[in-house]
Amino acid sequence: MRPRLASNIIGGHKAVFAILFLVGAGIVAFQAGAYYYYQKSSACPDPCQGSIVTVEILLNYGNRTSQWINKTDVPSDWNFYQLTTSVAKVQATYYGPPTSEHLVTGINGVQTNGQYFWSLWAICEKSKAWFATNVGADAIHFTTYHTLAWYYQATNSQDSSMWNPPVDGAARVNAC
Amino acid sequence: MTTYTAASVIDRRSTKVMITAVFTALALATNYALIGIPNVKIMDTLVFIAALFFGFRLGIGVAASVWLVYGFVNPNGVDTFLMLSFLMVGECFYALAGVALKKSFVTRDLVKGTKEYQRLSIIFGLVGLLSTFAYDALTNFGSWIFRTGSLYQDFVFGNIIGVPFSIAHEASNVIFFATVAPAIILAATRLGLRTPLDAA
């Protein structure tokens, strides 16, 4: 019964269906591989568990008010979202798989509003300059970055190269 | 009193502008309604259907018009001109897919009045997957272009970091293309609107 149904569906265009299915399977394989690589690269790298690290966090509220927090007892398997929730009151929207990330909409009562939002920054160890991270707080681990910032700023562009760094006059790079 | 045949009315410039506006409005309305669900949009299916029914130029018109509004009036932020150009070109892939399908055996089978809806759904779903993959590959590249110092690295980084969003986009578009698009085409055919049947 099944082969007959399949044959009815495919009809007389076996070659076209075969090509479409092959290309479709190729795309699924490509995306599965990319997703695996993404998960692997955003997971806590080795050595990860069991140690304690020091992380500096800057909360810049955008109204010339900012706060440096020096956390010396951060479990190295935490991500930056977990750390932020441990040092501040965070409002966030969680998006399930495949993204599995939190969109931070408020920190200590300061909420995303119109063009104002919380941008996420880190100091690139190589260039010793701030850069706007390309992934969310959930995908940031402390084996790579040790100084991070949340900066509440207004921008009308999604292009992070147009944003201001969280410290006035500090060096910034577009990618780390 | 002047009477118009169905074909002549649809071929008029003013009618095409009106159809473009209607599809654009539909796409924008559904985009804003789905703003809370990242990368899940019916817009792509609508561009595809517009091109399938009314041709490539109208499909491109809808694709460009939607992004001219959605790229600049967007609660998630405004796109740069460079990114907008990538988005518009990417959206045209759906118009290309619609026109390609219009000229394929699928349309000819519709002319013959076939009722093999599974076949229609499978083909539309696969075409949706292909065109969405092309769109995602291009726009993920566009969002990283000139950032790493090498276009190849821009492409690789963009497509790895953007993969969770690509998967959501591709999965949702496969569903929309396999369900919404055939349903609209069959409904339009039954309502007697000009469809690819007339053009074939």
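All values reported here derive from a predicted model rather than from experimental measurement.

*Asks:* Help me understand the overall build of chain A in this model?
*Replies:* On a plain count of helices and strands, chain A comes out with 3 helices and 8 strands. Tracing chain A from N to C terminus, the helices and strands come up as α-α-β-β-α-β-β-β-β-β-β. Here chain A holds 176 residues, and 38% of them are scored as buried. Sequence separation of 24 or more characterises 52% of the internal contacts of chain A that already satisfy a separation of 6 or more.

*Asks:* Please explain the interface of chain B and chain A as it appears in this structure.
*Replies:* Taken residue by residue, the interface counts 30 residues in chain B and 31 residues in chain A. Interface of chain B and chain A: buried area, both sides summed, is about 2,800 Å²; carbon and sulfur atoms make up 73% of it. If you look at where chain B meets chain A, you find 0 salt bridges. Listed by contribution, the elements that provide at least two residues to the side of chain B that touches chain A are α6 (105–111), α7 (117–144), α8 (151–161) and α9 (163–191) of chain B. A total of 9 residues in the side of chain B that touches chain A trace back to one element, the largest contributor, which is α7 of chain B. Taken together, the residues of the side of chain B that touches chain A break down into 17 nonpolar, 7 polar and 6 charged.

*Asks:* Mind showing me how you'd approach the confidence of the model for chain B here?
*Replies:* Atomic detail in the predicted coordinates should be set aside for any region of low pLDDT. Residue and element names in this part refer to chain B. Looking at chain B, the pLDDT average stands at 86 and 86% of residues meet or exceed 70. Across chain B, the element-wise mean pLDDT spans from 48 in helix α10 (residues 196–199) up to 96 in helix α4 (residues 56–70). Scored as a complex, the prediction yields pTM 0.77 and ipTM 0.72.

*Asks:* Before we go on, may I ask you to explain the environment of E125 of chain A in this structure?
*Replies:* Residues and elements named next belong to chain A. With respect to the element layout, E125 can be found in the loop between β6 (116–124) and β7 (129–132). For E125 and C176, which are 51 residues apart along the polypeptide, the C-alpha to C-alpha distance reads 8.2 Å. Excluding anything up to four places from it in sequence, E125 contacts T144, H146 and C176.

*Asks:* How should unusual backbone geometry be read in this particular structure?
*Replies:* The bulk of non-glycine residues show a negative phi, and the bulk of peptide bonds are trans. Residue and element names in this part refer to chain A. One non-glycine residue, K128, lies in positive phi territory at about 50°. Here K128 lies in the loop between β6 and β7. Here K128 falls in the exposed class, since its relative accessible area comes to 60%.

*Asks:* In this structure, what is going on with the nonpolar core? I would like to understand it.
*Replies:* Side chains of nonpolar character tend, in soluble globular proteins, to be buried together. The biggest cluster of nonpolar side chains holds 46 residues, and the ones touching the most others in it are F23, F48, W67, L101, I123 and F124 of chain B. At the level of elements, α2 (14–42) of chain A together with α2 (13–33), α3 (43–54), α4, α5 (81–102), α6, α7 and α9 of chain B are the ones that each hand at least two residues to this core. Counting 26 residues, the second largest nonpolar core, distinct from the first, contains I57, Y81, F131 and A137 of chain A.

*Asks:* Help me out: how do you make sense of the sheet that holds strand β3 (residues 90–95) of chain A in this one?
*Replies:* Think of a sheet as strands paired side by side through backbone hydrogen bonds, with each pair either parallel or antiparallel. Residue and element names in this part refer to chain A. Overall, antiparallel pairing links the 3 strands, which are arranged β3-β4-β5 in an open sheet. Edge positions in the sheet fall to β3 and β5 (110–111), since each has one partner strand and no second. The pairing of strand β4 (residues 101–107) with β5 spans 2 bridges and is classified as antiparallel. Within the sheet, the bridge partner assigned to G106 lies in β5 and is Q111. Set on the sheet, helix α3 (residues 80–87) makes contact with β3 and β4; between it and β3 the angle comes to about 150°.

*Asks:* What's the story with the confidence of the model for chain A in this structure? I'm lost.
*Replies:* Residue and element names in this part refer to chain A. Predicted confidence across chain A gives a mean pLDDT of 85, with 89% of residues reaching 70 or more. Summarising per-element confidence for chain A, the mean pLDDT is lowest in helix α1 (residues 2–10) (49) and highest in α3 (95). Predicted confidence for residues 1–6 stays below pLDDT 50, and this span has 1 contact to residues more than four positions away or in other chains.

*Asks:* Looking at this structure, I do not really get the sheet that holds strand β1 (residues 52–60) of chain A. What am I missing?
*Replies:* Residue and element names in this part refer to chain A. One open sheet holds the 5 strands; their spatial order is β2-β1-β8-β6-β7, and the pairing between them is mixed. Pairing within the sheet leaves two strands with one partner each, and these edge strands are β2 (66–75) and β7. Strand-to-strand twist across the sheet, computed as the mean angle between neighbouring axes with direction ignored, equals 25°. The sheet contact formed by β1 and strand β8 (residues 147–154) spans 5 bridges and is parallel. Bridging from a neighbouring strand, L59 pairs with W150 of β8. Strand contacts of α3: β1, β2, β6 and β8, with the helix running at about 115° to β2, the strand carrying the most contacts.

*Asks:* Help me understand α2 of chain A in this model?
*Replies:* Three- or four-residue spacings in an α-helix give side chains the same orientation, since the helix completes a turn every 3.6 residues. Counted at 1.5 Å a residue, the expected span for α2 of chain A with its 29 residues is 42 Å, and the 41 Å between its end C-alpha atoms agrees. Within α2 of chain A, burial applies to F17, L20, G24, I27, Q31, A34, Y35, Y38 and S42 of chain A.

Procedures and definitions
Residues numbered from 1 in each chain as written. Chains lettered and ligands numbered in written order. Predicted model: local features only at pLDDT ≥ 70, side-chain atom pairs only at ≥ 80, totals over all residues. Heavy atoms only, no water. Helix = DSSP H or I, 4+ residues; strand = E, 2+ residues; numbered from the N terminus. Buried < 20%, exposed > 50% of the residue type's maximum accessible area, 1.4 Å probe, protein only. Contact = heavy atoms within 4.5 Å. Buried area = accessible area lost by both parts, 1.4 Å probe. Salt bridge = Lys/Arg side-chain N within 4 Å of Asp/Glu carboxyl O. Nonpolar A, V, L, I, M, F, W, Y, C, P; charged D, E, K, R; others polar. pLDDT = per-residue confidence, 0-100. Core = buried A, V, L, I, M, F, W, Y, C linked by side-chain atoms within 4.5 Å. Pairing = 2+ DSSP bridges. Axes fitted to C-alpha atoms, helices over the stretch in contact; angles between N-to-C directions. Expected span 1.5 Å × (residues − 1).

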